[in-house]
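A look at the structure
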There are 2 protein chains.
Amino acid sequence: MRPKIYLFGDSITEESFCDGGWGSSLAHQFSRTMDVVLRGYSGYNTRWALKVVERVFPAELDSGVGPAPAAVTVFFGANDACLPDRCSGFQHVPVDEYKQNLRSIVSFLEKRWPEAIVVLISPPPIDENARLLHPFIENVLGLPERTNEAAGAYAKACIAVAGECGVPVVDLWTKMQQFPDWQKAYLRDGLHLSEGGNRIVFEEVIKKLKDAGLSLETLPVDLPHIAEIDPNDPLKAFQI
Amino acid sequence: MRPKIYLFGDSITEESFCDGGWGSSLAHQFSRTMDVVLRGYSGYNTRWALKVVERVFPAELDSGVGPAPAAVTVFFGANDACLPDRCSGFQHVPVDEYKQNLRSIVSFLEKRWPEAIVVLISPPPIDENARLLHPFIENVLGLPERTNEAAGAYAKACIAVAGECGVPVVDLWTKMQQFPDWQKAYLRDGLHLSEGGNRIVFEEVIKKLKDAGLSLETLPVDLPHIAEIDPNDPLKAFQI
């Protein structure tokens, strides 16, 4: 049975199998070594995620289906960080509750699968101008529903929780803003990822998994690789 | 538990999560409804596939892990069709044995999961000129290791087996050649798929699944969709 990696998060996870998406890149990278399982829920914040976490990762997964997942990425915060008094306010979660919810999610996963690597991913930075051109719902105020400053506070909170829990974290908010023109280079609509942004998430997740011991160098290849099949006696490779 | 679709095949399946790949497009299409599980084995023919089918689909999958897979795509033949006296001859399988092996694979899957939709996919056409520029192994003869004529014979055999077994089939060999410039439009190296070729496989598989009752219209969405969440009382959607 191949190990699994679950991708748990909001729309940035749900759409991660788009062309050049970080989810498909992971699945491609681990095409013979790990199953990448998509559990992205567009619009969800950590409050809602915590309500559904037992349904997303049901206990039945533990019985009879081989090994526990090798890793789970937890990628929330972009919706929690919606400003409470703007057009997406119903998605807002106060930053202290966000931290507590993240802790509860990590703790749930660690209790269920003590060996699994939990990787937190912070929300990306926000390009407020672009958000005004792409509002999710009718925006009567004419003000962005998210700000980069708020996203930054949630990113810091995410990193703090990772530190407390002792789990790896991708600080996407800081990482992306190290590059000039991050607004256009890494974001598609001021929030969701462009192909370049997807590439960064993929590369950062790969690094964290590798640091934790999960990489092409360490994972067994499922069934004989073509290079190991003797052209003069191919069936030898398939003897059990 | 979400239904699953397994993609079982050779390199054209193994690399189906590349940018614009047909596997990632399926995973994107069904991002909230089905898990797409990759079981592609580069270089494999049906003889080797039959040797490993029980390990690819172990009996443990049946116990405790929720529903049987909703569908399995079976996409072999491109390697079986290698000419026996050319540089990839060790992958060749005679066409009669190819048919028998395909029948056995379909029969294995139908026995294990009587409700699963098995979709056969024929090998794609071959651009012999392009193959000479991209040989997989050293090509001392200077002749293509695959011909379009041979691929066509295996495609016809695949369609015949689908007819006998009463399962849907994608006739990729014929479908692709209906378009001008198929060699460059749909193939990347005379054998493997370009982004356009991946698109065709995706669209054809989607059609076959829909004909068999599996589509976004019929599959339940996993957990409440954002559009169903009442902005005035979001948590209502999460009461069980």
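Naming follows an unreviewed UniProt entry, where chain A appears as GDSL esterase/lipase of Actinidia chinensis var. chinensis. Quoted verbatim from the Sequence similarities (unreviewed entry) field of UniProt, the annotation for chain A is "Belongs to the 'GDSL' lipolytic enzyme family."

Right, let's talk about the packing of helix α3 (residues 46–56) of chain B against helix α4 (residues 95–112) of chain B for a bit. Helix-helix packing is described using two parameters, namely the angle between the two axes and the distance between the axes. Residues and elements named next belong to chain B. Axis separation between α3 and α4 bottoms out at 9 Å; the angle between their running directions is 20°. Considering the angle they form, α3 stands roughly parallel to α4. Here α3 runs over α4; the crossing is left-handed. Only Glu97, Tyr98, Asn101, Leu102, Ser104, Ile105, Phe108 and Arg112 of α4 make contact with α3, whose side of the interface consists of Thr46, Arg47, Ala49, Leu50, Val53 and Glu54.

With 48 residues of chain A at the interface, the matching set in chain B holds 48 residues. Between chain A and chain B the total buried area reaches about 4200 Å² when both faces are included, carbon and sulfur atoms providing 65% of it. In terms of surface lost to chain B, no three residues of chain A exceed Leu223, Ile226 and Phe238 of chain A, which account for 15% of the buried area on that side. Between the two partners, chain A and chain B, sit four salt bridges. Taken together, the links from chain A to chain B amount to twelve residue pairs in polar contact (both at pLDDT 80 or more).

Another point: the state of the cysteines. The tally for this structure, following the rule as stated, stands at zero disulfides over all chains. Take Cys165 of chain A: it sits in no disulfide, and the sulfur closest to it among the cysteines is that of Cys158 of chain A, at 9.9 Å. The partly exposed category is assigned to Cys165 of chain A, whose relative accessible area is 26%. Of the cysteine sulfurs around Cys18 of chain B, a residue in no disulfide, the closest is that of Cys18 of chain A, at 13 Å.

A separate point is a nonpolar patch on the surface. A cluster of nonpolar side chains, Val140, Leu141 and Leu143 of chain A, forms an exposed patch at the surface whose accessible area comes to about 300 Å². As for its position among the elements, Leu143 of chain A is in the loop between α5 (128–133) and α6 (148–165).

So, about the packing of aromatic side chains. With the rule as written, the count across this model stands at 29 aromatic pairs over all chains. Aromatic side chains Tyr6 of chain A and Phe57 of chain A sit 5.2 Å apart centroid to centroid with 80° between the ring planes, which places their arrangement in the edge-to-face category. On the criterion of sequence distance, the pair formed by Tyr6 of chain A in strand β1 (residues 4–9) and Phe57 of chain A in the loop between α3 (46–56) and β3 (71–75) is long-range, its members being 51 residues apart. Tyr6 of chain A sits in the buried class, given a relative accessible area of 4%. Judged by centre distance (5.8 Å) and plane angle (85°), the ring pair of Tyr44 of chain B and Trp48 of chain B falls under edge-to-face. By the burial criterion, Tyr44 of chain B is buried, and Trp48 of chain B matches it.

What follows is about the relation of the copies chain A and chain B. When chain A is fitted to chain B, the residual RMSD is 0.0 Å, and the transformation amounts to a turn of 180° plus an axial shift of 0.0 Å. The transformation just described matches what one would write down for a two-fold rotation axis. When the interface residues of chain A are mapped onto chain B, 100% of them again fall at the interface, so both copies present the same face.

This part covers the side chain of His192 of chain A. Within the element layout of this structure, His192 of chain A appears in the loop between α8 (182–186) and α9 (195–211). If sequence neighbours within four positions are ignored, His192 of chain A has contacts with Ser11, Ile12, Glu15, Tyr186 and Leu187 of chain A.

The rules we used
- Residues numbered from 1 in each chain as written.
- Chains lettered and ligands numbered in written order.
- Predicted model: local features only at pLDDT ≥ 70, side-chain atom pairs only at ≥ 80, totals over all residues.
- Heavy atoms only, no water.
- UniProt positions renumbered as here; feature names shortened; annotations may be inferred.
- Axes fitted to C-alpha atoms, helices over the stretch in contact; angles between N-to-C directions.
- Helix = DSSP H or I, 4+ residues; strand = E, 2+ residues; numbered from the N terminus.
- Parallel < 35°, antiparallel > 145°, perpendicular 65-115°, else oblique.
- Left-handed = near helix turned anticlockwise from the far one by under 90°.
- Contact = heavy atoms within 4.5 Å.
- Buried area = accessible area lost by both parts, 1.4 Å probe.
- Salt bridge = Lys/Arg side-chain N within 4 Å of Asp/Glu carboxyl O.
- Polar contact = N/O pair within 3.5 Å; in protein donor to acceptor, adjacent residues only side chain to side chain.
- Disulfide = S-S within 2.5 Å.
- Buried < 20%, exposed > 50% of the residue type's maximum accessible area, 1.4 Å probe, protein only.
- Patch = residues over 30% accessible without salt bridge, like charges linked within 9 Å, V, L, I, M, F, W, Y side chains within 5 Å.
- Areas by Shrake-Rupley, 256 points an atom, 1.4 Å probe, with all protein chains shown as cover.
- Phe/Tyr/Trp six-rings, centres within 6.5 Å; stacked < 30°, edge-to-face > 60°.
- Least-squares fit on C-alpha atoms with pLDDT ≥ 70 in both.

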